[in-house]
Amino acid sequence: MSERKTSYLRSVLDSIPAYRPGRRVVGPDGRSAKLSSNESPFGPLPSVRAAVADAAADLNRYPDPAATELTAALARRFEVPEDHVALGAGSVGVLQQLLETVAEPGVEVAYAWRSFEAYPLLVGLSGAVPVQVPLRGETHDLEALAAAVTDRTRLLFVCNPNNPTGTAMREDELTAFLDAVPDHVLVVLDEAYREYVRDPRVPDGVRLYRDRPNVAVLRTFSKAYGLAALRVGFLVGHPHVAEAVRKTMVPFAVNHLAQAAAVASLAAEQELLERVEETVKERERVRGALLADGWTVPETEANFVWLRLGEDTLDFAAACERAGIAIRPFAGEGARVSIGAPEDNDAFLEVARAYPRRN
């Protein structure tokens, strides 16, 4: 049967590429270092595994659609009212819910670029008009982002630290930006990597949102908490925002096992954050080694480093792949390299050291 274009499919799908997940590759010696998805190199803590195993006894039952226990635990952890919390299937799920609350034909959604690659995909699918504001070097140009706001703008995404460059905005510049954004625009601070921040000048968005009704904060259990497979994200915002996001949540999006794991992870947070500290130390070691070898690597507050490689990006990624190391290349721009286990980081540094180009 010959293929034909069907009239019932949305035309916007023709211009939207599929999301590309991080790849896993295997080298000739059997090495497989996945440094392409910003995952935690650590598995779940024993207490978290036990909580999931206990919850598995109820797999024949639907989960709590409101994830009541997790909502309460998050409210206690961040010292906010429960009606300020909304959940979703990972932070990407919450992003989509946010867009469903604001997107209409003609509405504009603005964000820095390059930033989290799901932004253009989700904004395009929502039917809103994407407005991309170029980075200034490797960081957000907040003045340009504020200047991009029009009377049609409904939503701004601000990724801090930024994915994929790892750079983070300081409190003075971020608060000045928030004060400049008009009230008709919702600003979402996407803080997926907040737990890895060590620069005291980088603010905690949960503190900033409290007296700003048009500011909300997005977090995830996928990175520092090591629950990427279970898909748990959450938003902290004022009740009118959180309620709207809860209304657009797909029923049972946060499943029973995911809720059990997230609650157990919050209870074991101190132990988890000790693991995060190990990753931060590895991040500084990897960046220091790259700098010593002549690479230019911007300061990073996330669990990855960014190499601006330009036209050599795909060639460098291929060199890594031949050694059994998967990284995340962005053709013509650069590569994002997650911080993994020390032996995987060492294997990556060996490839980088041997690579003939220096940026």
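Residues numbered from 1 in each chain as written. Predicted model: local features only at pLDDT ≥ 70, side-chain atom pairs only at ≥ 80, totals over all residues. Heavy atoms only, no water.

### Brief notes about the packing of helix H2 (residues 68-78) against helix H9 (residues 256-267)
Right, so step 1: Packing of H2 against H9 leaves a shortest axis separation of 9 Å and a crossing angle of 25°. Relative to H9, H2 is oriented roughly parallel. Pair H2 / H9 crosses with left-handed handedness. Of the residues in H9, those in contact with Thr68, Glu69, Leu70, Ala73, Leu74 and Arg77 of H2 are Gln259, Ala262, Val263 and Leu266. (Axes fitted to C-alpha atoms, helices over the stretch in contact; angles between N-to-C directions. Helix = DSSP H or I, 4+ residues; strand = E, 2+ residues; numbered from the N terminus. Parallel < 35°, antiparallel > 145°, perpendicular 65-115°, else oblique. Left-handed = near helix turned anticlockwise from the far one by under 90°. Contact = heavy atoms within 4.5 Å.)

### A closer look at the sheet that holds strand E11 (residues 328-330)
Right, so step 1: The sheet built from three strands is open, its strands ordered E9-E12-E11 with antiparallel pairing. In this open sheet, the two edge strands, each paired with only one partner strand, are strand E9 (304-308) and E11. Pairs of neighbouring strands in the sheet enclose a mean axial angle of 15°, with direction left out of account.
Right, so step 2: Examined bridge by bridge, E11 and strand E12 (residues 334-338) share three bridges and lie antiparallel to one another. (Pairing = 2+ DSSP bridges.)

### Thoughts on the UniProt feature "domain: Aminotransferase class I/classII large" (unreviewed entry) in the protein
Right, so step 1: When the UniProt feature table is mapped onto this chain numbering, "domain: Aminotransferase class I/classII large" (unreviewed entry) sits at residues 34-349.
Right, so step 2: Along residues 34-349 one finds 40% helix and 17% strand; the C-alpha atoms at either end are 14 Å apart. (UniProt positions renumbered as here; feature names shortened; annotations may be inferred.)

### With respect to the domain arrangement of the protein
How large an interface is tends to be reported as the accessible area lost when its parts come together.
Right, so step 1: As far as domains go, the protein holds domain 1 (21-44 + 269-354) and domain 2 (46-267).
Right, so step 2: Using C-alpha coordinates to define each centre, domain 1 is positioned 25 Å away from domain 2.
Right, so step 3: Each side of the interface is counted separately: domain 1 has 25 residues, and domain 2 has 30 residues.
Right, so step 4: Surface buried jointly by domain 1 and domain 2 totals about 2,600 Å² across both partners, of which 52% is contributed by carbon and sulfur atoms.
Right, so step 5: Counting the surface domain 1 buries against domain 2, the share from its top three residues, Pro44, Glu269 and Glu301, is 29%.
Right, so step 6: At the boundary of domain 1 and domain 2, one finds six salt bridges. (Domains from an automatic or database assignment. Buried area = accessible area lost by both parts, 1.4 Å probe. Salt bridge = Lys/Arg side-chain N within 4 Å of Asp/Glu carboxyl O.)

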